[in-house]
Amino acid sequence: MNKLNSFPKSEHLCGEIRIARLFNQGQAFIAYPMRVVFLIDTSSKLKEPVSVMVSVPKKRFKHAVNRNRLKRLMREAYRLNKHCLVEKIEEKQIQIHIAFNYISNDELDFISIEKKMKVALNKIIELIAEK
RNA sequence: AUAGUAGGUCGGUUUGUCGCCGUUUCAUUGCGAAAUGGAGGAAAGUCCGGGCAACAAAGAGCACCAUAUUUCCUAACGGGAAGCUGUUUGUGAGAGCAGAGUAGCGUAACAGAAAAUAACCACCUUGCUUUUAGCAAGGAAAGGGUGAAAAGGUGAGGUAAGAGCUCACCGGUUUGGUUGGUAACAUCCAAAGCCGUACGUCUUAUGGGUUGCAAGAUCAAGUAAACCGACGCAGUAGGGUUGCUCGCCCGAUGUCGGAGGGUAGAUUGCUAGAGGCAUAAGGUGACUUAUGUUCGAGAUAAAUGACAGACAAUUUGCGAAAGCAAAGAACAGAACCCGGCUUACAGACCUACUAUUUUU
RNA sequence: UGUCUCAUGGUGUAAUGGUAGCACUGCAGUUUUUGGUUCUGCCUGACAAGGUUCGAGUCCUUGUGAGACAA
């Protein structure tokens with residue numbers, strides 16, 4: 001099996017403390033329709049290089065069906081395109097937390113979300129390379 | 001055939017690739033591999049009822065909240081079934097709503113004489129003044145354009161004028177009885193002149209401890225201003241017991257000793273149950289009983305998905321039709337579990353029935 | 001997930017079932033050489049659908065939207 005395209009539970013970002021730290025200290029930028037927050041974490045003892053969370057606000061999408069669908073699409077887009085980011089991070093021997101917030105009011109299809117996800121990942125790689 | 005009413009059932013199928021969560025087996029320091037399972041009729045709203053869990057229990061009176069036709073069903077219910085009465089609606093099959101009691105009290109805007117122990121106008125009697133009217137006292141609910149609602153209705157008798165004042169017929173109410181029904185109630189008979197309506201207050205009966213799985217339990221780390229015991233200020237201040245009253249209970253700061261709570265994390269609670277399906281019997285029915293058979297989500301910043309293709313109900317456009325082209329499934333996603341209710345829903349099917357038109 | 005609250009002109013906020021008021025804002029006029037202030041007038045209304053009632057902003061039911069708490 002090609003391990004590059006998997007997205008198991010251990011790569012999800014969970015825990016109230018770690019998420020609070022990400023949103024308090026992390027850097028943010030907007031790659032419409034997503035707002036991306038990330039933080040280079042040096043204190044964590046986990047072995048996964050990248051931890052990711054995805055969220056869709058209840059205010060913009062009232063029905064749970066639509067929220068779940070958008071979260072699934074974003075997870076799927078990340079899963080299929082994460083290999084380039086993971087390679088860079090492993091080269092640098094660091095760990096990173098990322099959060100993707102959906103901020104558009106419209107429900108997009110998979111193709112456009114995947115396109116925007118590639119843009120967002122490339123921008124993260126650039127910002128990390130500067131440091 | 002078209003349009004509908006009531007009840008019930010279903011609510012996309014399939015191939016490949018890449019993924020997610022649980023379980024089992026194999027392998028194991030670890031990474032992993034294979035097999036297998038993985039959203040609903042409403043999972044929704046959180047409107048009722050119950051299970052389960054923790055805490056509290058000393059009660060009495062008043063208050064508060066909910067319910068309120070009858071019989072039945074149910075673990076229970078404010079739910080359901082079958083009826084009864086009234087009312088609204090539909091041509092109809094049907095559908096919606098209301099339904100304990102009324103002795104007392106309150107309210108009924110505007111309009112109208114008056115919203116109820118009714119006398120403003122008009123009517124009648126008597127007296128006085130006056131000259132065809134005015135004033136005063138009384139009688140009288142028969143007439144008066146209003147209003148949502150006007151003092152049971154029609155006719156006759158009666159009277160100074162009138163009036164259920166009396167009578168006949170009709171409508172209602174109450175009481176007593178007959179027949180039918182388990183009952184609500186209905187039918188019939190008799191008697192009583194007994195005769196406005198709506199809402200609220202009030203009264204009666206029944207039920208109601210509080211909080212909710214983020215309840216609660218366990219684990220390793222680590223320690224209080226919280227807890228327990230003894231002594232004292234002192235059974236005082238104060239607090240609890242449902243809102244109040246009575247009653248009952250607890251009870252402080254200090255000293256000494258003991259014990260280990262919350263928060264974050266992990267595990268558990270956690271999925272076989274008032275379960276489903278079939279047959280038979282009972283019942284008008286909700287439902288019940290018996291027998292057989294069948295099952296397997298359990299996540300926790302929260303899985304059940306993405307892409308590509310095939311089929312297809314159906315929809316739209318063109319067309320007389322055949323057909324061609326395009327689109328390609330509604331409402332909606334478990335979070336402790338059940339029973340209901342309510343709300344959303346493209347379309348398909350079954351049973352019974354209704355209206356209209358045509359044919360026999 | 002659970003427990004609750006609210007909805008009245010553009011904004012804020014009242015009213016016992018009986019003509020929906022008040023303040024600010026906006027518009028027009030008045031005053032002024034002009035603008036502001038003042039004064040006068042006007043416009044702008046019940047979250048939606050049912051029910052109870054002679055009559056609902058108000059009472060009842062269902063839905064919609066917004067907010068609070070456990071956090």
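Reading guide: rules and limits
Residues numbered from 1 in each chain as written. Chains lettered and ligands numbered in written order. Predicted model: local features only at pLDDT ≥ 70, side-chain atom pairs only at ≥ 80, totals over all residues. Heavy atoms only, no water. Helix = DSSP H or I, 4+ residues; strand = E, 2+ residues; numbered from the N terminus. Contact = heavy atoms within 4.5 Å. Areas by Shrake-Rupley, 256 points an atom, 1.4 Å probe, with all protein chains shown as cover. Salt bridge = Lys/Arg side-chain N within 4 Å of Asp/Glu carboxyl O. Expected span 1.5 Å × (residues − 1). Buried < 20%, exposed > 50% of the residue type's maximum accessible area, 1.4 Å probe, protein only. Arc of directions from axis to C-beta. Core = buried A, V, L, I, M, F, W, Y, C linked by side-chain atoms within 4.5 Å. pLDDT = per-residue confidence, 0-100. Axes fitted to C-alpha atoms, helices over the stretch in contact; angles between N-to-C directions. Parallel < 35°, antiparallel > 145°, perpendicular 65-115°, else oblique. Left-handed = near helix turned anticlockwise from the far one by under 90°. Nonpolar A, V, L, I, M, F, W, Y, C, P; charged D, E, K, R; others polar.

### What about the overall build of chain A?
Then step 1. Along the backbone of chain A there are four helices and four strands.
Then step 2. Within chain A, counting contacts between residues at least 6 apart in sequence, those at least 24 apart form 80% of the total.
Then step 3. By element, 52% of the accessible surface of chain A is carried by carbon and sulfur atoms, the whole surface being about 8,100 Å².

### Some points on the pattern of salt bridges
Then step 1. In the structure shown here, the tally under the stated rule is one salt bridge.
Then step 2. Note that R79 is salt-bridged to E76, the shortest N-O span being 2.4 Å. A residue pair is termed a helical-turn pair when its members lie 3 or 4 positions apart in one helix, as R79 and E76 do in helix 2 (residues 64-81) at three residues.

### Remarks on helix 4 (residues 110-130)
Then step 1. Taking 1.5 Å of rise per residue, 21 residues should cover 30 Å, and helix 4 covers 31 Å from first to last C-alpha, within 8% of that figure.
Then step 2. All of the buried residues along helix 4 are I113, E114, M117, A120, L121, I124, I125, L127 and I128. Along helix 4, the residues classed as buried sweep out an arc of 165° about the axis, all on the same side. Exposed and oriented more than 90 degrees from the buried face of helix 4 are I111, K115, E126, A129 and E130.

### Side note on the nonpolar core
Then step 1. Judged by nonpolar contacts, the single largest core of 31 residues is most densely connected at V50, Y78, I96, I98, F100 and I124.
Then step 2. For this core, the secondary-structure elements that each account for two or more residues are strand 1 (27-31), strand 2 (34-41), strand 3 (50-55), helix 2, helix 3 (83-92), strand 4 (95-102) and helix 4.
Then step 3. For this core, the element with the most residues is helix 4, which contributes eight residues.
Then step 4. The contact partners of Y78, leaving out residues within four places of it in the chain, are F7, V50, V52, F100, M117 and L121.

### Some remarks on the confidence of the model for chain A
Note that predicted coordinates carrying low pLDDT should not be read in detail.
Then step 1. On average, residues of chain A carry a pLDDT of 78, and 89% of them reach 70 or more.
Then step 2. Within chain A, no element has a lower average pLDDT than helix 1 (residues 16-25), which sits at 73, and none a higher one than helix 4, at 85.
Then step 3. Predicted complex, confidence summary: ipTM 0.75, pTM 0.76.

### Examining the packing of helix 3 against helix 4
Then step 1. Between helix 3 and helix 4, whose axes approach to 10 Å, the crossing angle comes to 15°. Accordingly, the angle class assigned to the pair helix 3 and helix 4 is roughly parallel. Considering only the axes of helix 3 and helix 4, their crossing is left-handed. Residues C84, L85, K88, I89 and K92 of helix 3 form the contact with helix 4, whose own contacting residues are L121, I124, I125, I128 and A129.
Then step 2. Each residue belonging to the contact of helix 3 with helix 4 can be placed in one class, and the counts come to eight nonpolar, no polar and two charged.

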